[in-house]
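One-letter residues, chain by chain:
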Amino acid sequence: MRTMMVSMKTALFVFLRWGLHFAVCRDVTLPDGPLYRVAGFSLSLPCAVSGYEGPRTQDFEWFLYRDDSGGRQMGVVSTRDKGFPYTPFQARVRNGELRVERDSGDKVRLVVQRLRADDQGKYECYTPSTDSKYQGNYSALVTVKVIPDTLQISYSRSLTGQPVPEGAELTLTCSAGIQSEQLTHLSITFGKRSAGEGLASEAGGEVSTVREIISIDKMLGVVPGRMYKKRYDDGEITLEKRNGEAGLGVYVMKMRAVQPDDTGSYYCEASQWIRDPDRSWQKIALRTLDIGNLTVRQLAESLSVTSSPKGEVTLQVGSPLILTCEVLGLPSQVNSGLLVQWMRRGSVSSDVAGTGGVEVEVARMSPDGVVSWGDDLSRSSGGSMEKVAEARYSLKLFSARPLDSGVYRCVVSVYAGRRDPGPSTPATLTQRSEGVTVNLKTKDVLVSAVAQLPRGPLLKRGSTITLICNATVTTTGPAQAQVQWLRWPIPVIKNGQRKASDVTLPDPPVEEKPRLVAALMYDGVAKIYANSSEVSVDRLSAVSYRLRVHTATMDDQGLYVCHAEAWGQDPHGGWYNTGAKAESNAVTVYLYARAADLLLIPLVVGVSSALFVGIVIIATVTCCFMKRLARQRAQK
């Protein structure tokens, strides 16, 4: 048993020693071959050494066995010996066309800048020994096949550099193809160098940043550039392949609407790809063709928006209002969508037309011709917005009202090159016209309002409160009063102030917020607002309006005010608020207690008094009786 254990340990020691010996064996590796590369383009062969002894920086020597040399070895280039190259390679090594680039101490690559047909053969990467013992492999071989250059590229029309309007469509066409006996793939890329960018200058200028716009890759997939992905996703940029002549493919890139940032120098790039035995893709040929320069003229340089009539317009109420908006400077060759809006600032309530207030939208026409009304939906039947000519739009209000006064502006948003923009598409440019001030003359209107509480029995809880408002409108032409009833709470009475039962109370305190009770509109429609009691409002005569609160509660007490507004009728039969208004005096409504409530008080007091007297009498009699009984028992 002991002998067996000794033999196992010996075998394990021998195995570990052999494994360690194997791990430190020198190993030189090159890619698997054969490798196919194109004449006139570069070759890069990586070579690595591992398992070596000695310094971390190893030397490398490259040899070539040409197909027609009968196996004769030719020195190409060495990292340690400048006189190593054979005569056919000496000039190419001196000018850097043949060189060794070091990735690390034990990894290098042989670079052949421009392959020649006679560069075909077997390449050997050899590493001189730095080991204490000669063991492992010190070189590796790979076969390189040099195939003819058949990559073709051309274009049918170049860019002239003439300014192109913003929003115009750009079409670039590039033809490319390869005719190789080997299975190779073709990729096409359209790109741009921004204006002013060029190659690095001799003085050390910055290298230009090339933007790839869109590509068809080696697997025939369309790939947008990083900065153009959104435009590609939105359908703004496309790339398609068509069949051309002589086996060439025709590649057509379209930009639906060019932008100012698209100014620059454009190129088309064709690349030939092959798949090496290790399954990696390698670019073996590339050609770039300059298509020309593009200059985009910005829309802001030519666009202007005008409105008419100019300056100030004064109209009688009820007259038609016609405003025109014209868009000038739109490029005729660009098919653009327009969003046209009419905006108004100010109203008849302003001291000066157009000053103050928030600007509101009156009407708009979308790029697809749909008209919608903004702040006043009633205008949809009392006005129109039309496209009267190309880039010319009109706004018509059939019967202008006082509230239509203010400053009008036409706002135009241009979607350059997009006839039917989506709801999230941003406008290329938005411009506003100068303002048109519209003043409306109204007839002289006087309004007066007087509120009263008719004489009658004292108002008690449960009674019907009746209030009369006499509202008079004095003007020429048809007019109506619109009456609203408001209620303030009764002010808190302090010492020295008048009581609520006084005939006249001060005006409602402005700091209190009134409660809207009911209204009778100019067209006779009654509106009842939130109230705990039943409320009705009606018209007794041409100038008399009545408010009734049925079965009144204590919450219905307060100061009642009548608010009257004058509405006029225009020649077309439409009604409008003239802006004239009046507020009546305040009428105090106070509810007294009912008779039943008054009888309840003495009844409660009488019952309480009787109970108190009875208790006192019973207590007194009982006390005297008990004392007398006690004295009688004591005498016995």
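Predicted model, so just to flag it, every value in this text is computed and none were measured. (Residues numbered from 1 in each chain as written. Predicted model: local features only at pLDDT ≥ 70, side-chain atom pairs only at ≥ 80, totals over all residues. Heavy atoms only, no water.)

How should the pattern of salt bridges be read in this particular structure?
Two side chains with opposite charge may pair up if their charged atoms get near one another. What the rule picks out here adds up to 25 salt bridges. The salt bridge partner of E97 is R92, with a shortest N-O separation of 3.3 Å. For R92, a relative accessible area of 3% gives the class buried. Put simply, E97 and R114 hold a salt bridge, and the shortest N to O gap is 3.7 Å. Placement of the pair is E97 in the loop between α2 (87-94) and β6 (98-104) and R114 in the loop between β7 (107-112) and β8 (121-126), with a sequence separation of 17 residues. Accessibility expressed as a relative area gives 8% for E97, which makes it buried. It is possible to trace a salt-bridge network through shared partners that takes in R92, E97, R114 and D119. (Salt bridge = Lys/Arg side-chain N within 4 Å of Asp/Glu carboxyl O. Buried < 20%, exposed > 50% of the residue type's maximum accessible area, 1.4 Å probe, protein only. Helix = DSSP H or I, 4+ residues; strand = E, 2+ residues; numbered from the N terminus.)

What's the story with the side chain of S336 in this structure? I'm lost.
Counting through the fold element by element, S336 comes out in the loop between β22 (321-328) and β23 (337-345). Assessed through its relative accessible area of 8%, S336 is described here as buried. Not counting residues within four places of it along the chain, the set of residues in contact with S336 comprises V414, Y415, A416, G417, R418 and R419. (Contact = heavy atoms within 4.5 Å.)

Even after reading the chapter, I still don't get the confidence of the model for the protein, so can you show me in this structure?
When pLDDT is low, close inspection of the predicted coordinates is not appropriate. For the protein, the average pLDDT comes to 84, and 81% of its residues sit at 70 or higher. Across residues 197-207 the pLDDT falls below 50, and counting only partners more than four positions away or on other chains, this stretch makes nine contacts in the model. When the criterion is pLDDT under 50, residues 348-355 qualifies, and its contacts beyond four places in sequence or with other chains add up to 13 contacts. (pLDDT = per-residue confidence, 0-100.)

What's the story with the state of the cysteines in this structure? I'm lost.
By definition, a disulfide is the covalent link that joins the sulfur atoms of two cysteine residues. What the rule picks out here adds up to four disulfides. The disulfide that involves C47 links it to C125, with 2.0 Å between the sulfurs. Across the S-S bond linking C47 and C125, the dihedral sits near -90 degrees, which makes this disulfide left-handed. Taken as a pair, C47 in strand β3 (residues 43-50) and C125 in strand β8 lie far apart in primary sequence, 78 residues in all. Considered together, C47 and C125 belong to a single accessibility category, that of buried residues. Note on cysteine connectivity: C325 is disulfide-linked to C410, with sulfurs 2.0 Å apart. When the S-S torsion is -75 degrees, as for the bridge of C325 with C410, the disulfide is left-handed. Placement of the pair is C325 in strand β22 and C410 in strand β28 (residues 406-415), with a sequence separation of 85 residues. In this structure, C325 and C410 share a single accessibility class: buried. Disulfide connectivity for the protein, with bonded cysteines indexed by sequence position, reads 1-2, 3-4, 5-6, 7-8. (Disulfide = S-S within 2.5 Å.)

Please explain the sheet that holds strand β31 (residues 446-452) as it appears in this structure.
Within a beta sheet, neighbouring strands are joined by backbone hydrogen bonds and run either parallel or antiparallel to one another. Strand order in this open sheet of four strands is β31-β32-β37-β36, and the pairing throughout is antiparallel. Among the strands making up the open sheet, the edge pair consists of β31 and β36 (534-539). Averaged over all neighbouring strand pairs, the angle between strand axes comes to 15 degrees, with direction disregarded. Note: β36 against strand β37 (residues 544-550), six bridges, orientation antiparallel. Across the sheet, residue R539 finds its bridge partner in β37, namely Y545. (Pairing = 2+ DSSP bridges. Axes fitted to C-alpha atoms, helices over the stretch in contact; angles between N-to-C directions.)

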